[in-house]
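Geometric and topological summary
Chain residues, written in single-letter form:
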Amino acid sequence: MARAGLTADRLVAAAAELADEVGFENVTLSALARRFGVKDASLYSHVRNLRDLRTRLALFAGAELIDRIAQAVAGRAGKDALAAFAGAYRAYALERPGRYAATQIRIDQELIADSPELRRTADLTYGMLRGYGLDEPDLTDAVRLLRSTFHGYCALESAGGFGAARDVQASWDRAIDALHVALTHWPKEHRTDD
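Now for a quick tour of the structure. Everything numeric in this text was worked out from a predicted model, so none of it was measured.

**Brief notes about unusual backbone geometry**
Here Glu136 and Pro137 are connected by a cis peptide whose omega angle stands at 5°. Position of Pro137 among the secondary structure elements: in the loop between α7 (116–130) and α8 (138–158).

In structure tokens, the structure reads:
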């Protein structure tokens, strides 16, 4: 029977495949039920609703992404770690576009606190940036700079938004060089005493 063996983990893995095939925004419970040859109602004993499924997919994809990044940066520091981190991020975004899109959704703060994957992501990212001598609030600002640069570049690249003749990889490499310089010479926040 098609229903046999359905679990939340199997549903999330199938949703990840579906997201890469049709786009994250097109992942629905109906589409997932069709993939398993069951009625939509059969999924509700494993996931609460579409939001629950998409949140689980975001956590699943986030874990995959951080696993790739962790492997890439292992034993590296400074610019080598930054380039490895960025390269793994970009490769995942381009190879797994639906899953990557899932990693960009806003997740409930309670789930973030309970997620070992998201804590691992923060630990790894902040650890790499501490190698540049950064502390709070500069760490948060640097994370935002990296995330927006990586995401923006990947979004434009995947949409074919770079039309100039210059090689896209060469521009990526220069962007990493520029980020390294920015992190190395990070402007310290000026505080005024009241």
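**Some words on α8**
Each turn of an α-helix holds 3.6 residues, which means side chains three or four residues apart point in the same direction. When the terminal C-alpha atoms of α8 are compared, their 30 Å separation across 21 residues agrees well with the 30 Å that a helix rising 1.5 Å per residue should span. Within the span of α8, buried status applies to Asp138, Leu139, Ala142, Val143, Leu146, Phe150, Tyr153 and Cys154. For α8, the angular spread of buried residues about the axis comes to 140°, placing them on one side. Buried-residue contacts for α8 involve α4 (78–95), α7 and α9 (168–184). Positioned one or two residues after α8, Gly160 has a phi angle of 75°, which is positive.

**Considerations on the packing of helix α1 (residues 8–22) against helix α3 (residues 50–73)**
Their axes nearest at 9 Å, the elements α1 and α3 cross at an angle of 80°. As judged from the angle between their axes, α1 and α3 are roughly perpendicular. Contacts between α1 and α3 pair Ala8, Leu11, Val12, Ala13, Ala15, Ala16 and Ala19 from the former with Leu53, Arg56, Leu57 and Phe60 from the latter. A per-class count over the contact of α1 with α3 returns ten nonpolar, no polar and one charged.

**Remarks on the packing of aromatic side chains**
All chains considered together, the criterion is met by six aromatic pairs. Ring geometry for Tyr153 against Phe162: centres 4.7 Å apart, planes inclined by 45°, an arrangement best described as tilted. Site record: aromatic cluster; members linked through ring pairs are Phe85, Tyr89, Tyr100, Phe150, Tyr153, Phe162 and Trp172.

**Describing the nonpolar core**
In terms of nonpolar packing, the biggest core is built from 34 residues, with Ile69, Leu82, Leu129, Leu134, Leu146, Phe150 and Leu183 touching the most fellow members. Of all the secondary structure elements, the ones that give two or more residues to this core are α3, α4, α7, α8 and α9. In terms of residue count, the dominant contributor to this core is α4 (nine residues). Counting residues in hydrophobic clusters, the runner-up holds 23 residues, among them Leu6, Leu11, Ala15 and Ala33.

**Here's the deal with the packing of α3 against α7**
Look at α3 against α7: their axes get within 9 Å of each other, and the N-to-C directions meet at 35°. Note that α3 runs across α7; the crossing there is left-handed. Between α3 and α7, the contacting residues are Leu59, Ala63, Ile66, Asp67, Ile69, Ala70 and Val73 on the first element and Glu117, Leu118, Arg120, Thr121 and Leu124 on the second. Taken together, the residues of the contact of α3 with α7 break down into eight nonpolar, one polar and three charged.

Reading the values: rules and limits
Residues numbered from 1 in each chain as written. Predicted model: local features only at pLDDT ≥ 70, side-chain atom pairs only at ≥ 80, totals over all residues. Heavy atoms only, no water. Helix = DSSP H or I, 4+ residues; strand = E, 2+ residues; numbered from the N terminus. Expected span 1.5 Å × (residues − 1). Buried < 20%, exposed > 50% of the residue type's maximum accessible area, 1.4 Å probe, protein only. Arc of directions from axis to C-beta. Contact = heavy atoms within 4.5 Å. Axes fitted to C-alpha atoms, helices over the stretch in contact; angles between N-to-C directions. Parallel < 35°, antiparallel > 145°, perpendicular 65-115°, else oblique. Nonpolar A, V, L, I, M, F, W, Y, C, P; charged D, E, K, R; others polar. Phe/Tyr/Trp six-rings, centres within 6.5 Å; stacked < 30°, edge-to-face > 60°. Core = buried A, V, L, I, M, F, W, Y, C linked by side-chain atoms within 4.5 Å. Left-handed = near helix turned anticlockwise from the far one by under 90°.

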